[in-house]
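Below are the chains, spelled out letter by letter.
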Amino acid sequence: MDLTGFSDPYVKASLISKGRHLKKRKTSIKKNTLNPTYNEALVFDVAPESVENVGLSIAVVDYDCIGHNKVIGVCRVGPDTADPHGREHWAEMLANPRKPVEHWHQLVEVSRGPTPTPDKHPCTLGPFIHATNALHVYELQSQAS
């Protein structure tokens, strides 16, 4: 958060397989807001035979023109995620190809230090859609909980 009490957030999505970041996409930066709406598509081309073995890490980041950008919160969606909601969403997307599957996901803030502990963040992120041969993340919105 800036000195003005607002953030300059953007969303960074990473396609992950076996713990490795394969591809990354990010949205535009929304200046001076705590409730951004992006309405942007982040598209990952994924081979049909690989879609069951990949997942997404979605991070909301506060852009800082001086210093380092700060991660506001993260959610993960995919078959290997620790969050059962993220696994259920992924399974539902795979079961319904070519159909929008929308879910809201709670962002989790990961504390830095020797033993990271997840803290619930007062935002949610969503929805998402899965399509054949391409994975779309769209209409990213922040919503206070």
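The rules behind these values
Residues numbered from 1 in each chain as written. Predicted model: local features only at pLDDT ≥ 70, side-chain atom pairs only at ≥ 80, totals over all residues. Heavy atoms only, no water. Helix = DSSP H or I, 4+ residues; strand = E, 2+ residues; numbered from the N terminus. Buried < 20%, exposed > 50% of the residue type's maximum accessible area, 1.4 Å probe, protein only. Contact = heavy atoms within 4.5 Å. Expected span 1.5 Å × (residues − 1). Arc of directions from axis to C-beta. Core = buried A, V, L, I, M, F, W, Y, C linked by side-chain atoms within 4.5 Å.

J.: Give me the overall build of the chain: which residues, what numbers.
T.: Scanning the chain from N- to C-terminus turns up one helix and nine strands. When the elements of the chain are put in sequence order from the N terminus, they spell out β-β-β-β-β-α-β-β-β-β. Evaluated residue by residue, the chain yields a buried proportion of 40% over its 145 residues. If you take every contact in the chain between residues at least 6 apart in sequence, the share linking residues at least 24 apart comes to 52%.

J.: Which residues make up helix α1 (residues 84–95), and what values do they have?
T.: In this model, α1 (12 residues) spans 16 Å end to end at C-alpha, consistent with the 16 Å of a helix rising 1.5 Å per residue. What α1 keeps buried is the set Gly86, His89, Trp90 and Met93. All buried residues of α1 fall inside an arc of 95° around its axis, so they share one side.

J.: Lay out the nonpolar core in plain terms, naming residues and giving numbers.
T.: Core analysis: the biggest nonpolar cluster contains 19 residues, and Leu15, Phe44, Val46, Leu56, Ile58 and Trp90 have the highest contact counts within it. Put simply, the parts of the chain that give this core at least two residues each are β1 (9–17), β3 (42–45), β4 (55–62), β5 (70–77) and α1.

J.: Explain the environment of Arg76 to me, using residue names and the numbers behind them.
T.: For Arg76, the position within the fold is in strand β5. Separated by 17 residues in sequence, Arg76 and Ala59 have C-alpha atoms that sit 8.7 Å apart. Not counting chain neighbours up to four residues away, the residues in contact with Arg76 comprise Leu56, Ser57, Thr81 and Gly86.

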